[in-house]
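Each chain is listed here by its residues.
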Amino acid sequence: MSTPSAVGILAGGGPLPGRVAEAATAAGRPVFILGFEGFAEPEVIGPWPHEFVRLGAAGRMLSLLRQHQCSDLVLIGPIRRPSLRNLRPDAEGARILARLGRALFAGDDGLLGTLVRILGEEGFHIRGAHEFLTQAVAQPGILGRMQPDAQAQADIQRGITVVQALGRLDIGQGCVVQNGVVLTVEAMEGTDRMLARAGECRQPGEGGVLVKMLKPGQEKRADMPTIGPVTVQNAHAAGLRGIAFEAAHTLLTDRQRCIEEADRLGLFLLAFNPVEDAGTSAQSA
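Not measured: the values here are computed from a predicted model. (Residues numbered from 1 in each chain as written. Predicted model: local features only at pLDDT ≥ 70, side-chain atom pairs only at ≥ 80, totals over all residues. Heavy atoms only, no water.)

Remarks on the overall build of the protein chain
Helix and strand counts for the protein chain come out as ten helices and 13 strands. By the burial criterion, 51% of the 285 residues in the protein chain qualify as buried. Here the contacts in the protein chain between residues at least 6 apart in sequence split such that 73% fall between residues at least 24 apart. Taken as a whole, the protein chain presents about 13,000 Å² of accessible surface, with 52% of it coming from carbon and sulfur. (Helix = DSSP H or I, 4+ residues; strand = E, 2+ residues; numbered from the N terminus. Buried < 20%, exposed > 50% of the residue type's maximum accessible area, 1.4 Å probe, protein only. Contact = heavy atoms within 4.5 Å. Areas by Shrake-Rupley, 256 points an atom, 1.4 Å probe, with all protein chains shown as cover.)

Next up, the structure:
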């Protein structure tokens, strides 16, 4: 019997690169991890064969992936886009930058989508993390004990409209709405900093709601919305009363801990289908 080809994991920060490696290994696939310097966490990727590489060292990346016989690639974990001055590409990196062309300046969606296409042209099959982490995505419904009331459901609908509008401009994947007022929207700073600003902008009355979802037309194989226990804790610290996220298109870094933290802190977790009224999804997931 031939040895199955390896799954190459291009790893940014956070715990998810390790979770993908665990799932791929459990499925009988060898794993090789390329950890991006300054982003990937040594304790997360350490248990598996790995190398750390600079973002600009595309030649070394491709050579290592081929050396380890990787056929499928997964891009997972947050990475801040470096300036061109700091990128310092090698010869292959310069060639790929030239192929990226205008996508370098077209926003995250344009860049990631073009990068996925180029890696495919280099002979790799790009897989979404959700294909391995099937337990990390939720179907529509409530996770945990808390339920959104009518005002929260109205705020969720408002948030869906806002994030869809932001997404068409390739700005962000989230916002915070309180009693119909948009307190903050997510840009390149990420969810945690957005939540900190939401706490500073909080209005009197019931707390707001965090809404996270895919941008319209987004390349989800490279940048799915992600929520973890820290997101739940930061939402509580900001005075929010719940988190609503797109069902089947949002990764939960630790589903059970997210639910436990939400129940402990009194927040609701709602996985919604954006083509339906959020209130109709308020049943057990």
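Topic: helix H9 (residues 229–237)
Taken together, the buried positions of H9 are Pro229, Thr231, Val232 and Ala235. End-on view of H9: buried residues confined to an arc of 160°, all on one side of the axis. Contact partners of the buried residues in H9: helix H8 (191–201), strand S9 (209–212), strand S10 (226–227), strand S11 (242–246), helix H10 (255–265) and strand S13 (268–272). Two residues or fewer past H9, Gly239 is found with a positive phi of approximately 85°. (Arc of directions from axis to C-beta.)

Things to note about the nonpolar core
Grouped together as the largest cluster of nonpolar side chains are 24 residues, with contacts concentrated most on Leu143, Val176, Val232, Ile243, Phe245 and Leu269. Listing elements by their share of this core, those giving two or more residues are H8, H9, S11, H10 and S13. The biggest single contributor to this core is H10, with four residues. In this structure Phe245 touches Ala138, Leu143, Lys212, Ile227, Thr250, Leu252, Leu269, Leu270, Ala271 and Phe272, once residues within four positions along its chain are discounted. (Core = buried A, V, L, I, M, F, W, Y, C linked by side-chain atoms within 4.5 Å.)

Here's the deal with the sheet that holds strand S4 (residues 70–76)
A sheet is described by the order of its strands in space; here five strands give the open sequence S3-S2-S1-S4-S5, paired in parallel fashion. Edge positions in the open sheet fall to strand S3 (50–53) and strand S5 (125–127), since each of these has one partner strand only. Averaged over neighbouring strand pairs, the angle between their axes works out to 25° when direction is ignored. Here strand S1 (residues 6–11) pairs with strand S2 (residues 31–36) via five bridges, running parallel. Across the sheet, residue Ile9 finds its bridge partner in S2, namely Ile33. In the packing of helix H1 (residues 16–26) onto the sheet, the strands contacted are S1, S2 and S4, and the crossing angle to S1 comes to about 175°. Together, S1, S2, S3 and S4 form the strand contacts of helix H3 (residues 58–67), whose direction differs from that of S2 by roughly 165°. (Pairing = 2+ DSSP bridges. Axes fitted to C-alpha atoms, helices over the stretch in contact; angles between N-to-C directions.)

Regarding unusual backbone geometry
With a phi close to 55°, Gln69 is a non-glycine residue in the positive phi region. For Gln69, the location among the structural elements is in the loop between H3 and S4. One non-glycine residue with positive phi stands out, namely Asn179, at about 50°. Mapped onto the secondary structure, Asn179 falls in the loop between strand S7 (174–178) and strand S8 (181–185). Residue Asn179 is classed as partly exposed on the basis of its relative accessible area of 34%.

A word on the side chain of Asp72
Its place among the elements puts Asp72 in strand S4. Here the side chain of Asp72 touches His125 through a polar contact of 3.4 Å, side chain to side chain. Setting aside anything within four residues of it in sequence, one finds Asp72 in contact with Ala6, Val7, Gly8, Arg29, His125 and Arg127. (Polar contact = N/O pair within 3.5 Å; in protein donor to acceptor, adjacent residues only side chain to side chain.)

Some words on the environment of Phe268
As for its placement among the helices and strands, Phe268 is situated in strand S13. Look at Phe268 and you get buried, because its relative accessible area is 3%. A sequence separation of 28 residues divides Phe268 from Leu240, and the C-alpha atoms of the two residues are 9.7 Å apart. Apart from the residues within four sequence positions on either side, Phe268 is in contact with Met146, Gln147, Pro148, Ala152, Ile156, Val209, Arg241, Gly242 and Ile243.

Quick look at the pairing of S13
Each regular strand carries side chains that alternate between the two faces of the sheet. Buried residues dominate S13, accounting for five of its five residues. Residues of S13 alternate between two faces, with Phe268, Leu270 and Phe272 on one and Leu269 and Ala271 on the opposite face, all of them buried. Bridge count between strand S6 (residues 141–143) and S13: three bridges; the pairing is antiparallel. Residue pairing in the sheet places Leu143 in a bridge with Leu269 of S13.

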